[in-house]
4 protein chains.
Amino acid sequence: MQYANLPTDPAADERPLAAGVVGASGYAGQELVRILAGHPRMRAAVLQARSDGFEPIGAEGLAGCDVVFLALPHGESRALGEELLERGAQVVDLGSDFRVDGWTYGLPELHRDAVRVARAVANPGCYATAAILGVAPLAAAGLVDGPVHLDGKSGVTGAGRTPSEKTHLPEIHGGITPYAVTGHRHLGEIEQELGRLAGSARPATFVPHLLPTSRGLLVTAHVRLVQPLDQADLDDLYAARYADEPFVRFGGLPAPQRLAGSNACWINAWADERTGTVLVEAALDNLVKGAAGQAIQNANIMLGVEETAGLTAQGLWP
Amino acid sequence: MQYANLPTDPAADERPLAAGVVGASGYAGQELVRILAGHPRMRAAVLQARSDGFEPIGAEGLAGCDVVFLALPHGESRALGEELLERGAQVVDLGSDFRVDGWTYGLPELHRDAVRVARAVANPGCYATAAILGVAPLAAAGLVDGPVHLDGKSGVTGAGRTPSEKTHLPEIHGGITPYAVTGHRHLGEIEQELGRLAGSARPATFVPHLLPTSRGLLVTAHVRLVQPLDQADLDDLYAARYADEPFVRFGGLPAPQRLAGSNACWINAWADERTGTVLVEAALDNLVKGAAGQAIQNANIMLGVEETAGLTAQGLWP
Amino acid sequence: MQYANLPTDPAADERPLAAGVVGASGYAGQELVRILAGHPRMRAAVLQARSDGFEPIGAEGLAGCDVVFLALPHGESRALGEELLERGAQVVDLGSDFRVDGWTYGLPELHRDAVRVARAVANPGCYATAAILGVAPLAAAGLVDGPVHLDGKSGVTGAGRTPSEKTHLPEIHGGITPYAVTGHRHLGEIEQELGRLAGSARPATFVPHLLPTSRGLLVTAHVRLVQPLDQADLDDLYAARYADEPFVRFGGLPAPQRLAGSNACWINAWADERTGTVLVEAALDNLVKGAAGQAIQNANIMLGVEETAGLTAQGLWP
Amino acid sequence: MQYANLPTDPAADERPLAAGVVGASGYAGQELVRILAGHPRMRAAVLQARSDGFEPIGAEGLAGCDVVFLALPHGESRALGEELLERGAQVVDLGSDFRVDGWTYGLPELHRDAVRVARAVANPGCYATAAILGVAPLAAAGLVDGPVHLDGKSGVTGAGRTPSEKTHLPEIHGGITPYAVTGHRHLGEIEQELGRLAGSARPATFVPHLLPTSRGLLVTAHVRLVQPLDQADLDDLYAARYADEPFVRFGGLPAPQRLAGSNACWINAWADERTGTVLVEAALDNLVKGAAGQAIQNANIMLGVEETAGLTAQGLWP
């Protein structure tokens, strides 16, 4: 793998790295703690949250951390994030505050070199990770014609730990529930990244849905092409793009239930020559590759440890 | 309602109508029996199936029926369907054998007049019903630009009563599973009907998915427009098309779990002016409006009884 | 059936009966409204709730009702219930306030004659209905030795419409969750009724569990016997007890998923001669026979209309 | 921990141990392979199954293995198991063939010393593991009065990978399904072990149920006592029994969904002094502590490596 050959900080191999987790009582926060418990180099040294049993939230308590993970509700990271940067900390924010025109966008498969030298990384949204990785090869090759049509499906943990009437089990059991049909929070970062890849604005439609499940996420993309592409060329395009990526799996029928606990994004693409369209499926675990796992992947890169450290679990299936 | 004012056969008001159900042991077949048990005019007089406890399958045993429902596996209706027609029976086939370039396509919201005089009706597929009703107003108005992009999600009863490895609970629990990405059986009838409405070929992409649920179905459509349309005009277009339809509900966030047992198709459409796209959601119960309920709706029309007879149940929710 | 031969109020056949539903926005309340929509004699004339879109809660607004259903949170029925009685109303309370040593206990299979002449009926709890009907034949025959051991499993609607951390989907998805292991609210009414049947105190253990489903409930009973009983005698005992009951089904493997929307309680009992124990399963829909359906059954009896009126729906299955 | 201080084979620390997995295509077999992929000392060296992509089943191909796991359908292990023993292999059988009056019963919490010197271990059934561990402290203390009343609930993976009508998703979705009410396969081993602990025959009733989930299992026990016991004494009894056990967790509300992928058995017990009964809940992951994880725990003990090796994963939750 390209990045595996890069020199790493020798000192980094010798001492344990201390991580701070802010928002440790939420689903993403506790997933960070769970993954760090099996990490060979990094440990959860400071756990902050508003709940009982945790330290109070604040920059002072995080002073000795090699990296700080912010796992706060969307919109609540900005002040603490900026204060931590001023104090010289390295920060990965799992919220949406810094993703658009903000910090380094922490999708390693697209921005590994930038993450390596970044002190402040905005961890992508869960839907955005799947959507961008799913469509990136087509966008980068200049093949996309008009808006990308995205359909998202996610388990309820994507909506966080706070119960609400909209996510109450009897409301969503036994079916599937659309929401935020024309204005989901992740649309901005999806368009930002696809536009960067394509070299011009790349609008998208995105219709998210709640599944009657806990974790797991699938994004389906219908992508019209500017020129014909057959299945062999399509396979080559994706294989070339992702051959060296440790966390991208290509082929088969991506199904998020097979990725529980894994940091993989599982992608496949089908050329529908009859309609001049490519159909893409991209699955992941929204709490791992869509949140805590990807945050640790980013921290691994930032701190010069093996990118896959702590992230080698297979999906727990069935 | 237009059709409510039509004269009905006076004699039809006086005697019970006998229905034959062929394939009564399958999910669609037993749903026909369940609905007919509450039908004010029609009763399940003959139940045929290959399983024990039913009469053997054959045209002779159906001789006295006013209408015969064929609820056989796809591809197995042809011979019996044609024999029944030769013997003078009125038939509704729930399979796919006669849907494309075959019998009268039994989507009453599009073909009510043809169904009224038909002796042989092909009941639409479950996905097709939602997809066509969802996009019909746009197609009929000549607004669709290029292929329609359809994303389907269905409970496992859509795959029938026979267990298989692909639908085994541990394979699909806790996630969502794509299948038949580029070539689902219902694509032909969807394109046939949208093409008829538009007046020219109307190709579509259609990616179906299995939900970890039993019944219920949702189709999401991303439809690019040939010209801009704002939300008010879009609402008017759908409202005008469906105002008098007893089984189409417009508005809100369509969710199939609210329609269990109901014959409704629940639709909403959003104008995404930023991308020149309309986003549509269409939900239904795949065993009712997607199969047995619509078959009885067709039979009601064919036999001159009230179209909604036996089909007034609200969705069982939560 | 014994009760089917009783004279009914002739006038009752001629005019529609007006029902008031207090708490119409909760799950039990909206289920009352749903069932009443298909009732041949009774209609939901007044809907009161704290939510928008309903009339405010109060006895004045219910003055013209033939019967009032109270579907309020547990503990909130007492004042209104007593005021309604003073004003001369007939009331069915779906809460727990009046079940123990209070109003007529509205389990028609045990207290039909008392319900017929009652003006105030306490509708049994959902678990209690299944537990009592499941064990009643054994208790009444004096066969129970020591405490009855009950294990309950219920969908989340049993916990009501208000979301909570304990019932949040990610907390209970993919498993089963015990709660209130030694002190569930329904234990009092279960012991009251089994004790009345047995003629002496009949203690019980009862461990309830939350299923990762929406509606449906199963109670399993392990009942030690004072004397041996073989399967044939056991079958006879239950058959004799329930032969004429329109809403009790005996035999097979009771499964609540087959009873959705039905007012049936489905029971079977197995003689385990090796251990001197009878094992009982009793399934029902917690919102129908366990709440709204049984309340309407009680009201039907109180108002002299056919006991099964409005309650003939089969379970919606699969 | 008692066993952690025992001497281990020094050579064992130096070379990787080769495991053979027979039946590697089934759910238990693939779980063995998944866990072994993260095992620090043992690797899946030979994979045999009847399916394509695996070596054919037979003793010859397993000659070089340090341990062989038999993960075959119940009743199919006997011949191969005995042949392997004759050839000098060490074997852990995950089936039921050798559990009753057969090989060493591989429940390490009860029989660790015997497992350490055994060449042939019968891995306990999933329900049996939870039932026995849940009731063992009471049985061993001679406190159990009469039969133990057990209620089991399990996800569908417990029924294996082969689809069937009884486990078809639409049959079990949205509810809970009893089966084998009076004669489940695991009853024999439960009674054998509880009887050994109690010193006299200890009959049990056991009613198993299928949950609409994939993995996870809960056993509830209602245990009448020969003498009163208060909560403090009960807590002491369990704490003393399990304090040093790495895979038993005591306290709280055991819920199997929190143990996915974990080798823990989570137990709690409540004294119901009113009825002279103890109520016990015991949860586990049926594929891990109920099958593959416990098999590896046994192999670790047999081969003299750290008992917890490869088995340190926390439950994946939510």
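The structure presented is a predicted model; accordingly, all values stated were derived computationally and were not measured.

1. Section: the overall build of chain A
Thinking step 1. A tally of regular secondary structure across chain A gives eight helices and 13 strands.
Thinking step 2. Computed over its C-alpha atoms, the radius of gyration of chain A comes to 19 Å, within 12% of the 20 Å expected for a compact globule of 318 residues.
Thinking step 3. Projecting the C-alpha coordinates of chain A onto the three principal axes gives extents of approximately 60 × 50 × 40 Å.
Thinking step 4. Going through the 318 residues of chain A one by one, you find that 59% of them count as buried.
Thinking step 5. Pairs at least 24 apart in sequence give 71% of the contacts found in chain A among residues at least 6 apart.

2. What about the relation of the copies chain B and chain A?
Thinking step 1. Once chain B has been moved 0.0 Å along the axis and rotated by 180 degrees, it coincides with chain A to within an RMSD of 0.0 Å. Considering both components of the superposition, the chain copies are consistent with a two-fold axis.
Thinking step 2. By residue overlap, the copies meet face to face through one surface: 100% of the interface positions of chain B are interface positions in chain A.

3. Here we look at the sheet that holds strand β3 (residues 67–70) of chain C
All names here are of chain C.
Thinking step 1. The six strands lie next to each other as β2-β1-β3-β4-β6-β5, forming an open sheet whose pairing is parallel. The two strands at the open ends of the sheet, each matched to only one other strand, are β2 (42–48) and β5 (104–105).
Thinking step 2. Pairing between strand β1 (residues 17–22) and β3: four bridges, direction parallel. For valine 21, the partnering residue across the bridge sits in β3 and is phenylalanine 69.
Thinking step 3. In the packing of helix α8 (residues 288–303) onto the sheet, contacts are made with β1, β2, β3, β4 (91–93) and β6 (120–122), and the angle to β3 comes to roughly 160 degrees.

4. Some details on the domain arrangement of chain A
Residue and element names in this part refer to chain A.
Thinking step 1. The domain boundaries assigned to chain A delineate domain 1 (2–124 + 290–303) and domain 2 (126–286).
Thinking step 2. On a C-alpha basis, the centroid separation for the pair domain 1 and domain 2 is 24 Å.
Thinking step 3. Facing the 17 residues of domain 1 at the interface are 23 residues of domain 2.
Thinking step 4. Elements represented by at least two residues in the side of domain 1 that touches domain 2 include exactly α3 (108–116) and α8 (288–303).
Thinking step 5. In terms of residue count, α8 provides more of the side of domain 1 that touches domain 2 than any other element does, five residues in total.
Thinking step 6. Of the residues that constitute the side of domain 1 that touches domain 2, the class distribution is seven nonpolar, eight polar and two charged.

5. Topic: the nonpolar core
Thinking step 1. Counting 410 residues, the largest nonpolar core has Phe69 of chain A, Phe69 of chain B, Phe69 of chain C together with Phe69 of chain D as its most contacted members.
Thinking step 2. What phenylalanine 69 of chain D contacts, discounting residues up to four positions off in sequence, is Ala19, Gly20, Val21, Val22, Leu32, Val92, Leu94 and Ala295 of chain D.

6. What about the relation of the copies chain C and chain D?
Thinking step 1. The operation relating chain C to chain D is a screw motion whose rotation component is 180 degrees, with 0.0 Å of axial translation and a residual RMSD of 0.0 Å.
Thinking step 2. Interface residue correspondence from chain C to chain D reaches 100%, placing this contact among same-surface, isologous pairings.

7. A short note on the interface of chain B and chain A
Thinking step 1. Across the contact, 42 residues belong to chain B and 42 residues belong to chain A.
Thinking step 2. Breaking the side of chain B that touches chain A down by element, the ones donating at least two residues are β7 (148–154), α5 (169–172), β8 (177–178), β9 (204–210), β10 (217–224), β12 (265–272) and β13 (277–284) of chain B.

8. Quick look at helix α4 (residues 126–140) of chain A
Residues and elements named next belong to chain A.
Thinking step 1. Spanning 15 residues, α4 covers 21 Å between terminal C-alpha atoms, matching the ideal 21 Å at 1.5 Å per step.
Thinking step 2. The largest bend in α4 amounts to roughly 35 degrees and is located at glycine 134, with the proline proline 137 lying one to four residues further along.
Thinking step 3. When you tally the buried positions in α4, you get 14 out of 15 residues, the bulk of the element.
Thinking step 4. Residue glycine 142 follows α4 closely and has a positive phi angle near 70 degrees.

9. Section: unusual backbone geometry
Residues and elements named next belong to chain B.
Thinking step 1. Cis geometry marks the peptide bond from tryptophan 317 to proline 318; its omega dihedral reads 0 degrees.
Thinking step 2. Mapping proline 318 onto the fold places it in the segment after α8 (288–303).
Thinking step 3. If you check the backbone angles, aspartate 101 has positive phi at about 55 degrees while not being a glycine.
Thinking step 4. Here aspartate 101 shows up in the loop between β4 (91–93) and β5 (104–105).
Thinking step 5. Accessibility expressed as a C-beta count within 10 Å gives 9 for aspartate 101, which makes it exposed.

10. Re helix α6 (residues 187–198) of chain D
Residues and elements named next belong to chain D.
Thinking step 1. A rise of 1.5 Å per residue sets the reference length of α6, with its twelve residues, at 16 Å; its end C-alpha atoms lie 16 Å apart and thus fit the reference within 8%.
Thinking step 2. Along α6, the positions that sit buried rather than exposed are Leu187, Glu189, Ile190, Glu191, Glu193, Leu194 and Leu197.
Thinking step 3. One or two positions beyond α6, positive phi appears at glycine 199, with a value near 85 degrees.

Rules used throughout
Residues numbered from 1 in each chain as written. Chains lettered and ligands numbered in written order. Predicted model: local features only at pLDDT ≥ 70, side-chain atom pairs only at ≥ 80, totals over all residues. Helix = DSSP H or I, 4+ residues; strand = E, 2+ residues; numbered from the N terminus. Rg over C-alpha atoms; globule rule 2.2 N^0.38 Å. Buried ≥ 20, exposed ≤ 12 C-beta atoms within 10 Å, placed from the backbone. Contact = placed C-beta atoms within 7 Å. Least-squares fit on C-alpha atoms with pLDDT ≥ 70 in both. Pairing = 2+ DSSP bridges. Axes fitted to C-alpha atoms, helices over the stretch in contact; angles between N-to-C directions. Domains from an automatic or database assignment. Nonpolar A, V, L, I, M, F, W, Y, C, P; charged D, E, K, R; others polar. Core = buried A, V, L, I, M, F, W, Y, C linked by C-beta atoms within 7 Å. Expected span 1.5 Å × (residues − 1). Bend = angle between axes of the 7 residues up to and from the residue.

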